[in-house]
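# Summary of the model geometry
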Amino acid sequence: MTGSDDDYGDAFKKAKLEHDQQRQGDAEARRLQAEADADAAVLSDVVLPQLEAAAQKLRPLGGKVDIRRYGRSGKMFLPSSVSFRITDQQDQQDYKAYEKGHESRAYLVTTREGTVTITSGHGFDRTGQPVQPKNVSKEVGIQRRDDVTIENVKKLIMRAIEEYRQDRDQSPA
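Okay, so let's go over this structure. Since the model is a prediction, treat every value here as computed from it, not as a measurement.

## Digging into the pattern of salt bridges
A complete count under the given rule lists 10 salt bridges for this structure. Arg-68 is the salt-bridge partner of Asp-66, the closest N and O atoms lying 3.3 Å from each other. Here Asp-66 falls in the buried class, since its relative accessible area comes to 14%. Residue Arg-68 is classed as partly exposed on the basis of its relative accessible area of 26%. Here Glu-139 ties to Lys-134 by a salt bridge, and the two come within 3.0 Å at their closest N and O atoms. Exposure remark for Glu-139: the relative accessible area of 47% places this residue in the partly exposed category. Beyond isolated ion pairs, a larger network of salt bridges with shared partners links Lys-134, Glu-139, Arg-159 and Glu-163.

In structure tokens, the structure reads:
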């Protein structure tokens with residue numbers, strides 16, 4: 001069998017096209033993985049340390065930061081979202097099981113492809129999502145991954161502490 005020069009050229013063009021498409025797919029997969037890793041890193045490197053620092057400061061005062069991590073991404077199993085709320089350990093001990101202690105609203109911080117969404121609701125449902133969630137990203141000034149700074153996360157935690165205080169002040173004595 002002999003092939004014409006066009007057959008060789010066509011076969012090479014087809015092989016090169018397939019190779020280029022595969023490389024583009026690999027590059028896109030690497031880009032998406034890098035995005036996911038950066039999203040998870042902002043949660044584990046900025047949000048979680050600030051929540052843990054707040055928990056350490058509140059614990060001796062009888063407060064508690066209820067921190068929950070959801071999903072895992074990447075090789076290091078970093079969280080893909082984090083939720084938290086501020087509660088009062090003492091009040092939870094003083095109330096009967098069916099009565100509620102004092103607490104802030106529940107906050108859920110999720111990141112995806114550089115976009116950060118913060119939702120807030122009254123407590124957590126069975127899946128760990130805030131109940132009747134409201135998107136508060138714009139209100140708290142955190143909408144992009146670059147907005148997740150130590151200072152902005154501190155402001156978010158202070159907002160939750162203020163909500164805890166308001167819940168406590170509105171409760172009957």
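Now that the structure has been shown, we can carry on.
## Quick notes on unusual backbone geometry
Phi angles above zero are rare outside glycine, and Glu-113 is one such case at about 50 degrees. If you trace the backbone, Glu-113 turns up in the loop between β3 (106-112) and β4 (115-121). Judged by its relative accessible area of 46%, Glu-113 is partly exposed. Positive phi, close to 45 degrees, is recorded for Gln-132, a residue that is not glycine. Note on placement: Gln-132 falls in the loop between β4 and β5 (134-135). By relative accessible area, Gln-132 is classed as exposed at 63%.

Rules used throughout
Residues numbered from 1 in each chain as written. Predicted model: local features only at pLDDT ≥ 70, side-chain atom pairs only at ≥ 80, totals over all residues. Heavy atoms only, no water. Salt bridge = Lys/Arg side-chain N within 4 Å of Asp/Glu carboxyl O. Buried < 20%, exposed > 50% of the residue type's maximum accessible area, 1.4 Å probe, protein only. Helix = DSSP H or I, 4+ residues; strand = E, 2+ residues; numbered from the N terminus.

As far as function goes, none of this settles anything; it's purely spatial.
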